[in-house]
Amino acid sequence: MTSASAEGSMASPIASPPPGALPVLHVPETGGDAPGRALAHRTEVLRTVTEHGAVLLRGLGIDSPAAMARTAVALGIEPMAERERFAPRREYQPAVYSASEWPADEPICMHHELSYAAQVPSYLLFGALTVPRAGGATAVADSQEVLRALPEDLVARFARDGWQLTRTYREVGVAWSEAFGTDDPQAVEEYCRDAAVDCTWLPDGALRTRQRRAAVLDHPGNGRPVWFNQAAFLNELTLDPMIRAYLADVYGPDSLPFNTAYGDGTPIPAEDVDAINAAYRAATRSEPWHPGDLLLLDNLRMAHSREAYEGDREIAVILGNPTRLPGHVLS
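To start, this report covers the structure provided alongside it. (Residues numbered from 1 in each chain as written. Predicted model: local features only at pLDDT ≥ 70, side-chain atom pairs only at ≥ 80, totals over all residues. Heavy atoms only, no water.)

Focus on the sheet that holds strand S2 (residues 54-58)
To be explicit about the condition: When DSSP finds two or more bridges between two strands, those strands count as paired. For helices the rule is a DSSP run of H or I covering at least 4 residues; for strands it is a run of E covering at least 2, with both sets numbered from the N terminus onward. The angle between two axes is taken between their N-to-C directions and runs from 0 to 180 degrees, where each axis is a line fitted to C-alpha atoms and a helix contributes only its stretch in contact. Here, residues are in contact when the closest pair of their heavy atoms is within 4.5 Å.
With mixed pairing, seven strands are arranged side by side in an open sheet as S1-S2-S16-S6-S19-S4-S3. A strand with exactly one partner marks an edge of an open sheet, and here the two such strands are strand S1 (24-26) and strand S3 (91-93). Direction aside, neighbouring strands of the sheet carry axes that sit 25° apart on average. Sheet topology note: the S3/strand S4 (residues 96-98) ladder contains two bridges and is antiparallel. Of the residues in S4, the one forming a bridge with Glu-91 is Tyr-97. Contacts between helix H3 (residues 42-52) and the sheet are confined to S1, S2, strand S6 (120-130) and strand S16 (294-298), with S2 contributing the most and set at about 145° to the helix.

Describing the environment of Glu-44
Applied cut-off: Summary of the burial criterion: residues with accessible area below 20% of their type's maximum are buried, those above 50% are exposed, and those between are partly exposed, where the area comes from a 1.4 Å probe applied to protein chains only.
With respect to the secondary-structure elements, Glu-44 resides in helix H3. Looking at Glu-44, the relative accessible area reads 9%, which means it is buried. C-alpha of Glu-44 to C-alpha of Val-55: the two residues are 11 residues apart in sequence and 9.9 Å apart in space.

A word on the packing of aromatic side chains
To be explicit about the condition: Stacked, tilted and edge-to-face are the three classes assigned to paired rings of Phe, Tyr and Trp, where Trp is represented by its six-membered ring and a pair needs centres within 6.5 Å; plane angles under 30 degrees give stacked, over 60 edge-to-face, the rest tilted.
Scanning the entire structure with this criterion turns up eight aromatic pairs. Ring geometry for Trp-176 and Trp-201: centres 5.0 Å apart, planes at 75°, overall edge-to-face. Here Trp-176, found in helix H7 (residues 176-180), pairs with Trp-201, found in strand S10 (residues 198-201); they are 25 residues apart in sequence, far enough to count as distant. Among the aromatic residues, ring-to-ring pairing joins Phe-86, Trp-102, Phe-233 and Phe-258 into one connected group.

Comments concerning the layout of surface pockets
Counted only if it meets this: With a 1 Å grid laid over protein atoms only, a set of points is called a cavity when a 1.4 Å probe fits there but cannot get out and a pocket when it is open yet has protein on both sides within 12 Å along at least five of seven lines; lining residues have an atom within 4 Å of a point. Grid points are joined across faces, edges and corners, and a volume is the space filled by probe spheres set on the points. Asp, Glu, Lys and Arg are counted as charged, while Ala, Val, Leu, Ile, Met, Phe, Trp, Tyr, Cys and Pro are counted as nonpolar; the rest, among them Gly, fall into the polar class.
A volume near 630 Å³ is recorded for the largest pocket. Elements with a minimum of two residues in the lining of the largest pocket: strand S9 (163-169) and helix H9 (241-251). Across the lining of the largest pocket, the residue classes break down as 16 nonpolar, three polar and four charged.

Points about the sheet that holds strand S8 (residues 138-142)
Here four strands make up an open sheet; going across it, the order is S5-S17-S8-S15 and the pairing antiparallel. Strand pairing shows two members of the sheet lacking a second neighbour, strand S5 (108-111) and strand S15 (284-285), which therefore form its edges. One ladder, built from five bridges, connects S8 with strand S17 (residues 302-306); its direction is antiparallel. What sits directly across from Thr-138, in S17, is Arg-306.

A look at empty space enclosed by the protein
Across all of its chains, the model carries two cavities of 30 Å³ or more by this definition. Its volume calculated, the largest cavity comes out at about 280 Å³. What lines the largest cavity is a set of 25 residues, and nearest its centre among them are Arg-89, Ser-100, His-111, Glu-113 and His-304. Elements supplying a minimum of two residues to the lining of the largest cavity: S5, S6, S17 and strand S19 (314-323). Per-element tally for the lining of the largest cavity: the top contributor is S17, with three residues. Class assignment for the residues of the lining of the largest cavity results in 12 nonpolar, seven polar and six charged. Taken as a whole, the second largest cavity encloses approximately 40 Å³ of empty space. Around the second largest cavity, the lining residues are Thr-168, Arg-170, Val-172, Leu-247, Tyr-251, Ser-255, Leu-256 and Pro-257. Split into classes, the residues belonging to the lining of the second largest cavity amount to five nonpolar, two polar and one charged.

Dropping the structure here:
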């Protein structure tokens, strides 16, 4: 049986999703293991991601990190090691990670994975190993829609200047050794030189990094502009005000764990952060997790978030097809 005929007999075809919905491919849990079923639908899956930016494979039967790794191979996606991670996560096996460890009662805002890195993942795969009792969906937002919804003057400013990220690695958040995958300071410095990241070791042993990146890019696949950054997500205004005040008092206002600015160093005002988050909310779509689901995203086009949840939640994650985007890294 060919892949095309297998798709026709084994799965419900993907129709154009209604506004506010994800495209879903229903794959009955028959006919072999999850990687084999993914391979049978590979053409349709990748075509849908190209058209819509995301697809949810329902009933695929992902049940382990190893199955995730084999499914990525079946879909032709090359896993990559994560560097400069923002939040702690476990590594089940090489390049297969847990979701970011984040308090269950606090949502994670919309963001593109590693949009501040020099080498970014083109794809993200999420596999539902354990589904929470309530909430916990991985929502997405099309950055092309977000870009169209943003005020023109805000977009023009970011398109001209890009955005700047400053991080200070201390005991709060992710240690620099975890973020960079090494406890060798020289290796960190070599990585930063290659990735156009300014790095400074502070007298107390903390590491401070600063990088400037484009905020609006042309998608390498379709040439359309996308809003690709984490200027709002990693801004200090996303911190709880009491926590922000405490950290600023202890370490100084310039030594917060993270903060963003316009590319020329000008602070981003609260009204701009609010406008960005409002555009994300308007473009958000989600589908509750079912056990064994696989969500595949075009990371360059689709931002993603995580709802608050109750109960146990275990989502395996693969960052795939690393790429360096023209015009992304700014000096």
